[in-house]
Amino acid sequence: MSTAVPTSPKAGKGAGAEVGIALLGYGTVGQAVYRLLTENTEDFTHRIGGPVAVRGVAVSDASKPREGVDPSLLTEDAHALIARDDVDVVVEVIGGIDYPRELVLAALNNGKSVVTANKALVAAHSAELAEAADAAGVDLYFEAAVAAAIPVVGPLRRSLAGDKVKSVMGIVNGTTNFILDAMDSTGASYDDMLAEATRLGYAEADPTADVEGHDAASKAAILASLAFHTRVSYDDVYCEGISSITAEDIEAARTAGYVIKLLAVCERFTDDAGVEKVSARVHPTLVPRDHPLASVSKSFNAVFVEAEAAGRLMFYGNGAGGNPTASAVLGDLVGAARNKVHGGRAPGESTYANLPIAEFGDVRTRYHVDLHVEDRVGVLSEIASKFALNQISLSAVRQEEFNEGARLVVVTHEASENDLAATVDAVKQLPAVKSVNSVIRLEGE
Ligand code: HSE
């Protein structure tokens, strides 16, 4: 068991005291945070128990004209802003890892509470950030880091603190959900729908972090850590993106009654030796069309949680964008500022369970394997025997004429990644198998 040593809660500044805020970053999210905070000052004063005042806004070029902000607040010296005695809470909405890490650590070490929307930073450096927050007795909030406006960090940290979470499964990247949903509804190719997502402003100029699953993997690490009271970092998450998904895969899924989604899947399970383990993975996944996650369309996000006592819960909404992300940041800001006024701390990192992270090869799920094969006597039984040799039971087999041969789709019962990989290798060696078109995992049945 890990032994976090909580610092005694610091006394508050006292009811009615002003709380100073440093805003690091003035991009889309920073602007929305600043605007909503300054438009609704009266409400924030009531909710916090004292007024808030923005002491400064750190940007990379303070001479650049910026809309909606008092130019005298702009500064390029983020470190000096953080170090000011009249700053109590630092809001980090810069993005990236190394520079924000330096700033967030400086803020925590300086006794400032921190609110960040930065999933990559939290997923890569949670241990050092949590230790710095504990040592200083301050808060580290990051609701906006996972699925923006959708409250999921708070529910896992607080509302479900008395329950035992079994799994968390979510659509946590809006760009890839937009692309897959558009491919499903139009029959278009991945490249065309990526171009459409770029044209509409969902996809970044460099879409790699979204389409290759890295953004979702950071969120999966955060969700798994919270759900299982175990430190799971970005490097622990298996990650596969959507760039190899074809219009044919989408059509085959539709024919079989599924939709393809990029899912983050976090699970707690007991292995064959009776050891309880956790796993976190991100990959394209077949989801039955009647599953609640199947109906999550466009760029929306949803997180499906299964807990022992609560049963199944689903959180749904806007997972990106300036205002939705600012909503989560400001919710955290109210919590951090309230603690500065009245004293006390929000729940910190909880890693007491410290469960081992499963090897990916031991993770079990179901698979949809799409093959191009020769259409002659005995082919099906040759292929089926390779599955049987690896103890994989088949749940459905479908065949249709295809390109001077047959297209054979095999759906399995639950099997381990290792067994499935060995089977696919063996199937590929069969002379009757022309190609393995795709292997897509299946969840939610
Ligand atoms: N780029 C992300 C998405 C939002 O498309 O959902 C920020 O994590």
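Per-chain numbering applies: the sequence of each chain, read as written, is numbered from 1 onward. Only residues with pLDDT of at least 70 are given local features in this predicted model, and only at 80 or more are side-chain atom pairs given and counted; all residues enter the totals for whole chains, interfaces and linings. Side-chain measures were taken over the full set of non-hydrogen atoms in the model, leaving aside hydrogen atoms and water.

Participant: Tell me what's going on with the overall build of the protein, and back it up with residues and numbers.
Facilitator: Only DSSP runs of H or I covering at least 4 residues are called helices, and only runs of E covering at least 2 are called strands; the numbering of each starts at the N terminus. When helices and strands are counted, the protein shows 14 helices and 17 strands. The size measure is the radius of gyration over C-alpha atoms, and the globule rule it meets is 2.2 Å times the number of residues to the 0.38 power. Taking 2.2 N^0.38 as the reference for a compact globule, 445 residues should give roughly 22 Å; the C-alpha atoms of the protein span a radius of gyration of 24 Å, in line with that estimate. C-alpha atoms of the protein, sized along the principal axes, occupy 80 × 50 × 35 Å. Buried residues are those whose accessible area, probed at 1.4 Å on protein chains only, stays under 20% of the maximum for their type, while exposed residues exceed 50% and partly exposed ones sit between those limits. Across the 445 residues in the protein, those meeting the buried criterion constitute 53%. In this analysis, two residues are considered to be in contact whenever any of their non-hydrogen atoms come within 4.5 Å of each other. Once local pairs closer than 6 in sequence are excluded, the contacts in the protein between residues at least 24 apart make up 74%. Exposure was quantified through the Shrake-Rupley algorithm and a 1.4 Å probe, taking into account, for residues, occlusion by the shown protein chains and nothing else. Total accessible area on the protein is roughly 18,800 Å²; 48% of this is exposed by carbon and sulfur atoms.

Participant: Give a detailed account of the sheet that holds strand β4 (residues 89–92), specifying residues and quantitative values.
Facilitator: Pairing between strands is defined by DSSP: at least two bridges between them are needed. Read from one edge of the open sheet, 6 strands run β3-β2-β1-β4-β5-β6, paired in parallel fashion. Only two strands of the sheet have a single neighbouring strand rather than two, namely β3 (74–75) and β6 (140–141). In this structure, β4 lies alongside strand β5 (residues 113–116), joined through 4 bridges in parallel fashion. Its bridge partner lying in β5, Val-90 is registered against Val-114. Taken strand by strand, helix α1 (residues 28–39) contacts β1 (19–24) and β2 (52–58), and its axis lies near 155° from that of β2. Only C-alpha atoms enter the line fits that serve as axes; for helices the fit covers just the stretch in contact. Angles between N-to-C directions range over 0 to 180 degrees.

Participant: Now, about the UniProt feature "binding site: L-homoserine" (unreviewed entry) in the protein: what can you tell me, with residues and values included?
Facilitator: UniProt positions are given in the numbering used here, feature names are shortened, and annotations may be inferred rather than shown by experiment. As recorded in UniProt, the sites labelled "binding site: L-homoserine" (unreviewed entry) are Glu-204. With respect to the secondary-structure elements, Glu-204 resides in the loop between α8 (190–199) and α9 (208–211).

Participant: Tell me about the pairing of strand β14 (residues 394–401), residues and numbers included.
Facilitator: Pairing between β14 and strand β15 (residues 406–412): 7 bridges, direction antiparallel. In the strand pairing of β15, Ala-396 is matched with Val-411. Between the antiparallel neighbours β14 and β15 lie 4 residues, among them Asn-403 with a positive phi of about 45°.

Participant: How would you explain the packing of α1 against helix α12 (residues 322–342) if you had to name every residue and give the values?
Facilitator: Running from N to C, α1 and α12 point in directions that differ by 60°, and their axes come no closer than 8 Å. Compared by their axis directions, α1 and α12 come out oblique. Here α1 and α12 pass one another in a crossing that is right-handed. Of α12, the residues touching α1 (which contributes Thr-28, Val-29, Ala-32, Val-33, Arg-35, Leu-36 and Leu-37) are Gly-322, Asn-323, Thr-325, Ala-326, Val-329, Leu-330 and Leu-333. Any angle from 65 to 115 degrees is called roughly perpendicular, while one under 35 is roughly parallel, one over 145 is roughly antiparallel, and all others are oblique. By definition, turning the near helix anticlockwise from the far helix through less than a right angle yields a left-handed crossing, and turning it clockwise yields a right-handed one.

Participant: Explain the site of the ligand to me, and be specific about the residues and the numbers.
Facilitator: If a single non-hydrogen atom of a residue is within 4 Å of a molecule or strand, that residue counts as near it. For the ligand, the full set of nearby residues is Lys-119, Asn-173, Gly-174, Thr-175, Asp-210, Asp-215, Lys-219 and Ala-320. Side-chain atoms alone can form a polar contact between residues adjacent in sequence; in general such a contact is a pair of N or O atoms within 3.5 Å, and within protein one must be able to donate a hydrogen while the other accepts it. Within the contact set of the ligand, an oxygen atom lies 2.6 Å away from a side-chain nitrogen or oxygen of Lys-119. Gly-174 is positioned such that a nitrogen or oxygen atom in its backbone is 2.6 Å from an oxygen atom of the ligand. Here the ligand, which alone exposes 260 Å², has 83% of that area covered by the protein. Sorting the residues of the shell around the ligand by element identifies α7 (174–186) and α10 (214–228) as the ones contributing at least two each. Among the residues making up the shell around the ligand, the classes are represented as 1 nonpolar, 3 polar and 4 charged. Polar here means any residue outside two lists: the nonpolar Ala, Val, Leu, Ile, Met, Phe, Trp, Tyr, Cys and Pro, and the charged Asp, Glu, Lys and Arg; Gly therefore counts as polar.

Participant: Describe the confidence of the model for the protein, listing the residues and the values that go with them.
Facilitator: Keep in mind that low pLDDT regions are not for reading the predicted coordinates in detail. How sure the predictor is of each residue is captured by pLDDT, a score from 0 to 100. Residues at a pLDDT of 70 or more form 98% of the protein, whose mean pLDDT is 96. The low-confidence segment residues 1–7 (pLDDT under 50) makes 11 contacts with residues lying over four places distant or belonging to another chain.

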